[in-house]
Amino acid sequence: MSDIDGIRAGRHCMFALHAHLVFVTKFRHKVFSDRHLTRMEEIMRAVCTDFDTDLIEFNGEDSHVHLLVNFPPKVAPSKLVNSLKGVSSRRMRQEFPDLGRHYFQANRLWSASYFAGSVGGAPLTILRQYIEQQNRPG
């Protein structure tokens, strides 16, 4: 895929699809330090690469993480989220056994819920106005 001014191109389409994702730890426990977040970013970048998705930005706090991803139309955001959460949970718990003490029998790093919001491009009001002003044939 080529990338021209933020617009990616596949075989039959051009696209600029961005999503803001937020994952929260199970029980909102404050478990992450800088070393955890650094390793988690590496893991999530690898997962995104497997999905032909770009992880544009990553950061977090002690109980949650934020991701900005650029993904192709063939990728369902829910599938990407499922893989990001599953792989990161498994690897982080393997590499940092200290995380396990916060989850007792739940054996999960992340809450089942997440936030996903579309971002980028013109505001909806501008886009709506642009579409309304098209020269429709009579």
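Since this is a predicted model, take the numbers as computed values, not measurements.

Colleague: Is there a simple way to explain the layout of surface pockets in this structure?
Modeller: Gaps left between atoms are located by rolling a probe of water-molecule size over the structure's atoms. A volume near 190 Å³ is recorded for the largest pocket. Elements represented by at least two residues in the lining of the largest pocket include exactly α2 (77-95) and β7 (110-119). The element contributing the most residues to the lining of the largest pocket is α2, with 5 residues. For the lining of the largest pocket, the residue count by class is 3 nonpolar, 4 polar and 4 charged.

Colleague: Would you explain the pattern of salt bridges in this entry?
Modeller: Where charged atoms from two side chains of opposite charge approach closely, those side chains can pair. If you walk through the whole model with that rule in mind, you get 7 salt bridges. Between D52 and R8 there is a salt bridge, and its shortest N-O distance comes to 3.7 Å. On the criterion of sequence distance, the pair formed by D52 in the loop between α1 (34-50) and β5 (54-60) and R8 in strand β2 (residues 7-9) is long-range, its members being 44 residues apart. Residue D52 is classed as partly exposed on the basis of its relative accessible area, which comes to 30%. As a salt-bridge pair, E42 and R39 come within 3.1 Å of each other at their nearest N and O atoms. Of this pair, E42 and R39 are both found in helix α1, 3 residues apart, which corresponds to roughly one turn of the helix. Through salt bridges with shared partners, a single ionic network connects R8, D52 and D54.

Colleague: Looking at this structure, how should I read the packing of aromatic side chains?
Modeller: The description of two aromatic rings rests on the distance between their centres and on the angle between their planes. In total, this model carries 2 aromatic pairs according to the counting rule given. Plain terms: the ring middles of F23 and W110 are 5.7 Å apart, the flat faces sit at 65° to each other, and that makes the pair edge-to-face. With F23 in strand β4 (residues 18-25) and W110 in strand β7, the pair connects residues that are 87 residues apart, well separated along the chain. Under the relative-accessibility criterion, W110 is labelled buried at 5%. When the centroid spacing of 5.7 Å and the interplanar angle of 55° are considered together, the rings of F32 and W110 count as tilted. Of the two residues, F32 is situated in the loop between β4 and α1 and W110 in strand β7; the sequence distance between them amounts to 78 residues. The pair formed by F32 and W110 is uniform in burial state, with each residue classed as buried. Sitting over the ring of F27, K26 keeps its end group 5.5 Å from the ring centre.

Colleague: Hey, could you run me through the sheet that holds β4 in this one?
Modeller: Strand pairing in a sheet relies on backbone hydrogen bonds. The paired strands run either parallel or antiparallel. In spatial order, the strands read β5-β6-β4-β7; together these 4 strands make up an open sheet with antiparallel pairing. Each having just a single partner strand, β5 and β7 make up the two edges of the open sheet. The mean inter-strand angle of the sheet, taken between neighbouring strand axes irrespective of direction, is 20°. Across 7 bridges, the pairing between β4 and strand β6 (residues 64-70) is antiparallel. Residue pairing across strands places V24 opposite H64, the latter belonging to β6. Seen against the sheet, α1 touches β4, β5, β6 and β7 and runs at an angle of roughly 160° to β5.

Colleague: Is there a simple way to think about the side chain of S111 in this case?
Modeller: Counting through the fold element by element, S111 comes out in strand β7. A polar side-chain atom of S111 sits 3.1 Å from a polar atom in the side chain of S113. Leave out the neighbours within four places in its chain, and S111 touches V24, T25, K26 and K85.

About the thresholds
Residues numbered from 1 in each chain as written. Predicted model: local features only at pLDDT ≥ 70, side-chain atom pairs only at ≥ 80, totals over all residues. Heavy atoms only, no water. 1 Å grid on protein atoms, 1.4 Å probe; cavity = no way out; pocket = protein on both sides within 12 Å on 5 of 7 lines; lining within 4 Å. Points joined across faces, edges and corners; volume = space filled by probe spheres on them. Helix = DSSP H or I, 4+ residues; strand = E, 2+ residues; numbered from the N terminus. Nonpolar A, V, L, I, M, F, W, Y, C, P; charged D, E, K, R; others polar. Salt bridge = Lys/Arg side-chain N within 4 Å of Asp/Glu carboxyl O. Buried < 20%, exposed > 50% of the residue type's maximum accessible area, 1.4 Å probe, protein only. Phe/Tyr/Trp six-rings, centres within 6.5 Å; stacked < 30°, edge-to-face > 60°. Lys NZ or Arg CZ within 6 Å of the ring centre and 35° of its normal. Pairing = 2+ DSSP bridges. Axes fitted to C-alpha atoms, helices over the stretch in contact; angles between N-to-C directions. Contact = heavy atoms within 4.5 Å. Polar contact = N/O pair within 3.5 Å; in protein donor to acceptor, adjacent residues only side chain to side chain.

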